[in-house]
Each structure stands twice: as C-alpha cells, then as structure tokens.
There are 2 protein chains.
Amino acid sequence: VDLEVARGNARRVARYAREHGLSWRPHVKTHKSRAVARIQLEAGASGLTVATLREAEVMADLTHDLLLAYPPVGRAKLERLTHLAAGGTGVPAGNGDGPTRLTVALDDPGVLASLAGACAEREVEVGVLVEMDVGLGRTGVAGPEEVVALARATDAAPGVFFRGLLFYPGHIRSREEEQAGPVAAVGERLAGALRALEAAGHPPEVVSGGSTPTLWRSHLLPGLTEIRSGSCIYFDREAVEVGVAGPDKLAYTVLATVVSTAVPGRAVVDAGSKALAKEARAGQEGYGFVLDHPEVLVAGLSEEHGILDLSNTDWRPRVGERVRLVPNHVCVSVNLQDALLARDGEEHRWLALEGRGRGPWTG
Amino acid sequence: VDLEVARGNARRVARYAREHGLSWRPHVKTHKSRAVARIQLEAGASGLTVATLREAEVMADLTHDLLLAYPPVGRAKLERLTHLAAGGTGVPAGNGDGPTRLTVALDDPGVLASLAGACAEREVEVGVLVEMDVGLGRTGVAGPEEVVALARATDAAPGVFFRGLLFYPGHIRSREEEQAGPVAAVGERLAGALRALEAAGHPPEVVSGGSTPTLWRSHLLPGLTEIRSGSCIYFDREAVEVGVAGPDKLAYTVLATVVSTAVPGRAVVDAGSKALAKEARAGQEGYGFVLDHPEVLVAGLSEEHGILDLSNTDWRPRVGERVRLVPNHVCVSVNLQDALLARDGEEHRWLALEGRGRGPWTG
C-alpha cells in the first residue's frame, strides 16, 4: 500500500463531497484497518460504514458515528450490536467520550422488530435507515410504499428511530461516460421514495447512497446527503476500467515473484487466487494486470499461481523478478492478506487488518 | 466440517491408493489444519504435500516426508526451506526423530541452482522432482528432453538429488465418464518422459501426479507411484458435478443465515465472496448450492451477501433461517475462515487453520 496515494485519494473524495454538500462515510470493508480509517477521518469523513459486527467493534472508538449497512439478524449479532450502542467496545479502554451513535440499515419488518426488542431490553436507541432496492436486486424493499411502511413501523417500535433512506446502485458498472442514463434512472426511483416519505410526514434526515463506479456523479442523485464509497481509498482494476480513477491513483498492489517461465508465452508468479482473489469482471478477461506493464494481464489463477499472459508485450520477465499486480477487486484481495506492507514516503511499516475475520474484537 | 465424513473420505482414498500400489501424499492446501493432516496420516497417507513455506513449517513435525510442490524462489523461501531440511521446524519442540525428508518440485535450471547452493551452504540435501507440463500450461517443462536435462543438472549440483517426476493434469475437469480420452493423452506424454529418463540412466523413484477430478482413474496413468489429491478430504460442488464424489461425501459447508427476502424470487444470506469465494466454474452458473436444497444455487455473491435463486424451488426461506452452503471450490473457501467448526459425532470443536497465511509459523 502506498499511503501517500491513499491519503491523496481520501482528500480528493472528501473535497468532492464537501463541494457538493455531501457527507462521506467510507465503508471500511475495503481496508479493515484502523490506521486507514484514521486517514479517512482526518481527511474529513463524517463517520464510518461497516458490514460486519467485527468491523463495527474495531472501528467503534475511532468515530462517534457508525453505520451498519447490513441487517443484524440473529441473537449473537444483536448482542454485539447493542453492547456497542451501550458504549461498550471490543477494547477494554472503551469509548471514553460516551456511546457510539449507531445507525442500522434494514429492509425487513421482522429484523426491525428483533432489533427494536434487543435495543429496548438493553435500554439503548439506534437509528434506522430503510434500505430500498434501486435496481441491483440484492437487498432493499421494492419501492416507496414499502419504504413508508417500514418508516412507520420504526415509529411504533421501542429502541429505534427513523433516520432516513439507504440504497446501493451496485448494478451500475458502466464506464463513466455511459453512466448518465443509469444514474438518472436511480435518481427517479429515489425521488419517488423521497416524495412518499415527505407526504407521509417522515422526511429523511439521511439519504445514503452511491457507489464507487458512480462516485463522481453522486451529486446528480436528488436528495442525497451521504456517500459511502470505500474502495476509493485504494482503487483497483475495475475503477481504472470504469474510468473513476487513473492508474496513478492505485494505492494497493500485490507484490509477487516470478517463479516459472517454463511454458512459452507465459510467466507464473507466486500470487494466485489466495492473494488476488479469482473474481472475474463481466465481459472482461483476466483477474488483474501488472502495474508496470499494464498490457500484461493476469490471465489465469490457481491457488498459488498467477499466470501472466505475455502475448501483448515484449517484456520477458526472469524467474526471481518481482512484479506489482493490480487486482480486479481490491476489497477481496485485501481480505486475503495477513497484514499489508505500507510505504509512507521513505518509511515502510505494517498495517494490521483488525477488521478482518468474524470473531469479537478484543483489541 | 463433519469429521466423520472427512475420515471416511480419507479412508476411501487411502484404500484406493493401496489397492493400486500407489502412495497417497495429500496436499494440505485444502485444509491447512494439523488435526486434519493427522486424520490423513492415520488413514494411511505416506506423507504430505505443501505449496507454501508456511504450510511446510506447520506440517513438518507431523510427517518425515514432505513434498513442496512449488518452486522455492528467492532468498527468504530458501532460508526457511533449508532450515526445515536441517531439522528445524516452526515449533520450539522441533522434530524429535530427526530432520524431515524434503522433496521439492521445480521446472527451472536457475531455481535448481539456487536451491542446490542454499542446501550446500547449510549442509543439507533435498530431493528433487522435475515438473513436466502435461497440458495444463501452468508450470512444468515442455517434454522428455527438458525433463532429462534437469535430471542431469541435478546430478551435477551439490545439496540436491534426483528423485523423479511430478505433473498435475489440472486441465481435466470433465465428468468422470468423459475422462478416458484426456487421461490417456496425459498417460502418453508421461510414458514418453519415463522412457527418456530410463534411457538416460535416470529411472525415477517417484512419479507423482493426478488430480482430484481424475482421482479414481489415477491407476490408469503409466508408471505412477503417488497421488496428491487434497480436496478429496472435504470435496465440493466441482467434485459432485464431475462425479468424483456423491453429495453424501461433502464434509465442508458454510453455515449462513438468511438476512433478507425483500427482493422477490431471491433470498440473501450472510455468506458472500468473503466466505464462499466468488470462483466461477467454466460453463456453469453460480458459486455454490444449498446442501439441503440442491436445486437452489448461490446465483450471485457480493462481499457479505450470497444471493440464493429460488426460481427452481418451492422452498421459501424465512429471514433468520440457517442454511448450509456448498462452495464451488472448497480450498479457497476454507482459506477465508478464521477457524472451522467441526462436528465429530456428538461433539463440536474448533479446528485451527495453522497453515493459513504467509508468515513463519511459531507454533
């Protein structure tokens, strides 16, 4: 990881958000690191977004404003969540300045009821964002009517209060110049929900949305108050292909060594699917590229082998040579590492990935 | 993990190997667990295969016969390797009965020279298997001539001695009943290399090969002495699709909870690409299936979301319901876990994954 590049990325996103009157609440799933979360907060992030209880525990004492953008289902998760809301953290020192303000996104009346019950039992309150599907078809209620119904259910429940709307247009992965139509379509669905909430007497305080591929178009979404882009701290091959970042903004690479050149037209490196992640991009070959030879794709991956396709290059790597690889999707590659070697100017140090894994964080 | 099923799998493979006069040296990359390696050795495995130095360190005191089926490139790896060969292990107790017999597979004269130099320096000897490509096009020298050349180079080098031939027919992923042709083609290439080695006065002591999809046809490969199948301890969706194992042999599943049913025709579980691995199988949809509802595929994955396609089932999962998922590829899913919950008859216990990660093992 190049921390200077990462800091520049954080500053640029924070500035964009500020210029458009938006908050930036980066998703920590990308980096899972307390040190990197601090960089984001110092650059002007308004809080942090997490997906897992582990991430929440790790980040709770770094910010007083935490969004769990994932439905907390089941007794174990609700225990950990309400413990945090009551001011507990994974670390003994705790959050000295008082309890963390927790907000939870959800799309199901049953999940809301369980959350409300668990909060009431522990005498804490958490905010609720109702999640609406805007075309991805993953999670989120279908439309304005269901959004209003869940907002009303929040009123009636103890331990929770309605804060607003959340959505994720993760289906828009087109190049930046082809995004106008899809972004407008999301905007229309969004506007419908906002009108319905206003009419029902539930104007949202927070409208949280956007994605990394659509990052620089977030201000075109009506009523938006907050973006959550996480992978913009490091970026990846997808970001470069979509056009949301240039290659000079890539802050994360996998350092690999060439271990075989026995098969003609190829070179094999010691970074495979257990280092890069074998995550294909629709309509595109390969699992990454060589930073210093972007014409060279990682054409194949097995667990400990990355196969570099040399058919478009004059470069002939030697066994023992080191290369830096850019993965298709940075978040899943980071999650495969024990720790990250960070360059900070002239210095090198290790970045811990405290948010990686599932168990409770014990500091 | 169901340890009774895993033990049955180990016994069945060991019996097959025994009946055909083969050794079974399972690859530990699948499980990365000392406890599971012990199960394999108790069932009759002749030794263990590893891909990383971490795996080698973790397994070194469990067996006296370790194969590193990966070229050790670079000073750091050679240091760790020769330390093991000199009788050191990652654990303070060490290997009480003397040094581990180490064998290394390689395909490059430069790698051989560095290995020989490092071994001579530390006054240890390691065996060498020359790797030959039999159609996968990943690693391995091209044919008989290159095999003989590397075998001869081994003679001339200090610290190493020629033990035989290694290959991996990982390109054969067809259904069992369609494997006869591809397996015969591999057999022909293999026979050519064996004839050349005999003629050159280098008859191989070890011929190590085969793959999990071709597991039950290994005895059809001429001259084979050893198989390395690793994923046969747990099996996975690929194994079931290929026909190498029935669903009752699946020993590893990911336990997930349904977290959303808001989008019609789908259910979302809390196991995504960071639990199952988003590894597509050529020509096949989905990233896994539900063990108890095999008609239900994991149709999509994002980092913390698995999308179950309900279009072929009457089953309507509720939020909060738990399901067991079978991943496409077990090895990369295991590598994503902190530890594995194992059921052993009526008992449950945690399996550590000591071989996971890259750093030196310290016990």
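Up top you'll find the structure we're talking about.
Residues numbered from 1 in each chain as written. Chains lettered and ligands numbered in written order. Predicted model: local features only at pLDDT ≥ 70, side-chain atom pairs only at ≥ 80, totals over all residues. Heavy atoms only, no water.

### Details of the pairing of strand β6 (residues 160-166) of chain B
The side chains of a regular strand alternate between the sheet's two faces.
Residues and elements named next belong to chain B.
Here is step 1 of the chain: For β6, the buried fraction is high: six of the seven residues fall into the buried class.
Here is step 2 of the chain: Examined bridge by bridge, strand β5 (residues 126-131) and β6 share six bridges and lie parallel to one another. Within β6, the position partnered with leucine 129 by the bridge is glycine 164.
Here is step 3 of the chain: For the handedness criterion, the β-α-β arrangement of β5, helix α6 (residues 144-156) and β6 is classed as right-handed.
Here is step 4 of the chain: Inspection of the sheet shows β6 paired to strand β7 (residues 206-209) by three bridges, in the parallel sense. The partner of glycine 164 across the bridge, within β7, is valine 206.
Here is step 5 of the chain: Regarding the hand of the β-α-β motif, the stretch spanning β6, helix α7 (residues 180-199) and β7 is right-handed. (Buried < 20%, exposed > 50% of the residue type's maximum accessible area, 1.4 Å probe, protein only. Helix = DSSP H or I, 4+ residues; strand = E, 2+ residues; numbered from the N terminus. Pairing = 2+ DSSP bridges. Right-handed = clockwise from strand over helix to strand, strands pointing away.)

### With respect to the state of the cysteines
Residues and elements named next belong to chain A.
Here is step 1 of the chain: Summed over the entire model, instances satisfying the criterion amount to zero disulfides over all chains.
Here is step 2 of the chain: Cysteine 232 provides the cysteine sulfur closest to cysteine 331, a residue in no disulfide bond, and the two sulfurs are 9.8 Å apart.
Here is step 3 of the chain: With relative accessibility at 1%, the residue cysteine 331 sits in the buried group. (Disulfide = S-S within 2.5 Å.)

### Digging into the sheet that holds strand β6 (residues 160-166) of chain A
Residues and elements named next belong to chain A.
Here is step 1 of the chain: A sheet is described by the order of its strands in space; here eight strands give the open sequence β1-β8-β7-β6-β5-β4-β3-β2, paired in parallel fashion. The sheet terminates laterally at β1 (23-24) and β2 (48-50), the two strands that pair on one side only.
Here is step 2 of the chain: Contacts from helix α4 (residues 75-85) reach β3 (65-68), β4 (101-106) and β5 (126-131) within the one sheet, and its direction differs from that of β4 by about 145 degrees.
Here is step 3 of the chain: Across the sheet, helix α6 (residues 144-156) is in contact with β4, β5 and β6; its angle to β6 comes to roughly 160 degrees. (Contact = heavy atoms within 4.5 Å. Axes fitted to C-alpha atoms, helices over the stretch in contact; angles between N-to-C directions.)

### Topic: the interface of chain B and chain A
Here is step 1 of the chain: Taken together, the contacts link 51 residues of chain B with 51 residues of chain A.
Here is step 2 of the chain: When the two sides are added together, the surface that chain B and chain A hide from each other amounts to roughly 4000 Å², 51% of it contributed by carbon and sulfur.
Here is step 3 of the chain: The largest share of the area that chain B buries against chain A comes from Tyr70, Arg138 and Lys274 of chain B, three residues that together contribute 17% of it.
Here is step 4 of the chain: Seen at the junction of chain B and chain A, the total is six salt bridges.
Here is step 5 of the chain: For arginine 358 of chain A, the salt bridge identified is with glutamate 304 of chain B, shortest N-O distance 2.9 Å.
Here is step 6 of the chain: Across the contact surface, chain B and chain A share 22 residue pairs in polar contact (both at pLDDT 80 or more).
Here is step 7 of the chain: At the level of elements, β9 (254-260), β10 (266-269) and α9 (330-334) of chain B are the ones that each hand at least two residues to the side of chain B that touches chain A.
Here is step 8 of the chain: When residues of the side of chain B that touches chain A are assigned to their parent elements, the largest contribution, four residues, is made by β9 of chain B.
Here is step 9 of the chain: Taken together, the residues of the side of chain B that touches chain A sort by class into 19 nonpolar, 15 polar and 17 charged. (Buried area = accessible area lost by both parts, 1.4 Å probe. Salt bridge = Lys/Arg side-chain N within 4 Å of Asp/Glu carboxyl O. Polar contact = N/O pair within 3.5 Å; in protein donor to acceptor, adjacent residues only side chain to side chain. Nonpolar A, V, L, I, M, F, W, Y, C, P; charged D, E, K, R; others polar.)

### Focus on the relation of the copies chain B and chain A
Here is step 1 of the chain: Mapping chain B onto chain A leaves a residual RMSD of 0.0 Å; the transformation is a rotation of 180 degrees accompanied by 0.0 Å of translation along its axis. Taken together, the rotation angle and the small translation identify this as a two-fold axis.
Here is step 2 of the chain: Most of the interface of chain B is mirrored in chain A, where 100% of its interface residues are also at the interface. (Least-squares fit on C-alpha atoms with pLDDT ≥ 70 in both.)

### A word on the environment of threonine 313 of chain B
Residue and element names in this part refer to chain B.
Here is step 1 of the chain: Mapped onto the elements, threonine 313 comes out in the loop between β13 (306-309) and β14 (322-327).
Here is step 2 of the chain: Its relative accessible area of 9% is what places threonine 313 among the buried residues.
Here is step 3 of the chain: Remark: the alpha-carbon pair of threonine 313 and alanine 153, spanning 160 residues in sequence, is separated by 60 Å.
Here is step 4 of the chain: Threonine 313 has contacts with Glu295 and Val296, leaving out every residue within four places of it along the chain.

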